[in-house]
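# Structural features, examined
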Amino acid sequence: MSAAPDHIAEAPAVDGVPLVEVEGLGRVFDLSKRWLNRLLDGSGKVTLTAVDGVDIAINRGETYALVGESGSGKSTIARMVVGLLPPTSGSVHIGGADIWAESGGPRQRQIRRRIQMIFQDPFASLNPRWRVGSIVAEPIKAFGLIADARDREARVGELLALVGLDPRDAGKFPHEFSGGQRQRIAIARALASEPEFIVCDEPTSALDVSVQAQVLNLLRELQERLGLTYLFISHNLAVVRHMATRVGVLYLGRLVEEAPARELFAAPKQPYTRMLLDAVPDIGMEGVERQSIAGEIPNPINPPAGCHFNPRCPYVMPHCKTIVPPLYQVGNAKVLCHLYADGVDAALPPPAR
Ligand code: SF4
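The structure displayed is predicted, hence computed values, not measured ones. (Residues numbered from 1 in each chain as written. Predicted model: local features only at pLDDT ≥ 70, side-chain atom pairs only at ≥ 80, totals over all residues. Heavy atoms only, no water.)

## As for the sheet that holds strand S2 (residues 47-59)
Selection rule: Here, strands pair whenever DSSP counts at least two bridges between them. Secondary structure follows DSSP: runs of H or I at least 4 residues long count as helices, runs of E at least 2 residues long count as strands, and numbering of each begins at the N terminus. Two residues form a contact once any of their heavy atoms are found within 4.5 Å. Fitting a line to C-alpha atoms yields each axis, with helices limited to the stretch in contact; the angle taken between N-to-C directions then spans 0 to 180 degrees.
Spatially, the 4 strands line up as an open sheet ordered S2-S1-S4-S5, and their pairing is antiparallel. The open sheet is flanked by S2 and strand S5 (97-98), the only strands paired with a single partner. Across the sheet, helix H2 (residues 74-82) lies against strand S1 (18-30), S2 and strand S4 (89-94), angled at about 120 degrees from S1, the strand it touches most.

## Quick word on the site of the ligand
As a reminder, the rule being used: By convention in these notes, a residue is near a molecule or strand provided one of its non-hydrogen atoms lies within 4 Å of it. Any residue outside Ala, Val, Leu, Ile, Met, Phe, Trp, Tyr, Cys, Pro, Asp, Glu, Lys and Arg is labelled polar, Gly included; the first ten of those are nonpolar and the last four are charged.
Around the ligand, the structure places Gln270, Pro271, Cys307, Phe309, Asn310, Cys313, Tyr315, Cys320, Pro325, Cys337, His338 and Leu339. Grouping the constituent residues of the shell around the ligand by class yields 9 nonpolar, 3 polar and no charged.

## Remarks on the sheet that holds strand S9 (residues 246-251)
Read from one edge of the open sheet, 8 strands run S6-S7-S8-S3-S9-S10-S12-S11, paired in mixed fashion. Single-partner strands in this sheet number two, and they are strand S6 (115-118) and strand S11 (327-330). Each adjacent strand pair in this sheet contributes to an overall mean axis angle of 20 degrees, direction not counted. By the bridge criterion, 4 bridges tie S6 to strand S7 (residues 197-201) in an arrangement that is parallel. Bridging from a neighbouring strand, Met117 pairs with Val199 of S7. Together, S6 and S7 form the strand contacts of helix H7 (residues 179-191), whose direction differs from that of S6 by roughly 175 degrees. Across the sheet, helix H8 (residues 209-226) touches strand S3 (63-67), S6 and strand S8 (229-233), and the angle it forms with S8 is around 155 degrees.

So yeah, pure geometry; function would need other evidence.
Structural data, given as structure tokens:
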């Protein structure tokens, strides 16, 4: 097998046992008007299925990226996986423990300590009235990890050094730092609870292009050093290509393709994945005939029946409009598409229109 190009992440050594197991995860939002208003204007209930039966297993030491357009359900999944939003259906297990079980109990706190999140906007995610030392020390106190104040201060200094800041920065306020430095503070805070699993929700999209690579490289260095496992949420496919070992593609709340990153970028299978990759001019797809697919994402409140992608798909067949395809195993990939019903990884036929 030939070596991967520099810009594609090599899969780190993993033990093959999933650290994170997401099964049948679903989230429905009720967008209905109040009961009395509905009664008066005769309108019915309105619901939005943001996430629809998603299964994901993430191995220890892996970077699993979720991609998809706005409204695909990426951030809703991230919030459910990290424990910020309860699912409507399905489960999330970390190291075999259900993060939504034993709500509020000590065991749940112990599970939650193992999961942290890095948010998109380092300007909004740090309390502007707290000094950096207090911000980074907060999870250490909250989870009762270090009782002695001096030891805690020393640990904060270690964490700041780990993310490339000066331990003396603990005495400053967030506004005294640049965007990239603030994201480093947010990373130090995330590491303070000694997590195994970190959800990175668009961690560099609010940063200048010049500092994005520095923060991404820091995340990779920390992963190698600390054995971290990442769920990486991004709409930026160039960033995903740089970071991910495996990629899941979402469309209107469903996982439509999952594959090792290298394979997905070299030969995307699902028609929507092809469209997504085609939309980015600097993503090379060697050996893949390019096509452009027109159309807008349908209204998620009333998505198309069958395969949600059918109104935009150039390969649409009559049964695509009525039957939801299962997730077919095709080589190392999983593909939600009737074209792969026989499981054979054949080149897609010419578009029907
Ligand atoms: Fe296109 Fe049908 Fe496949 Fe959906 S199931 S992506 S409509 S071919």
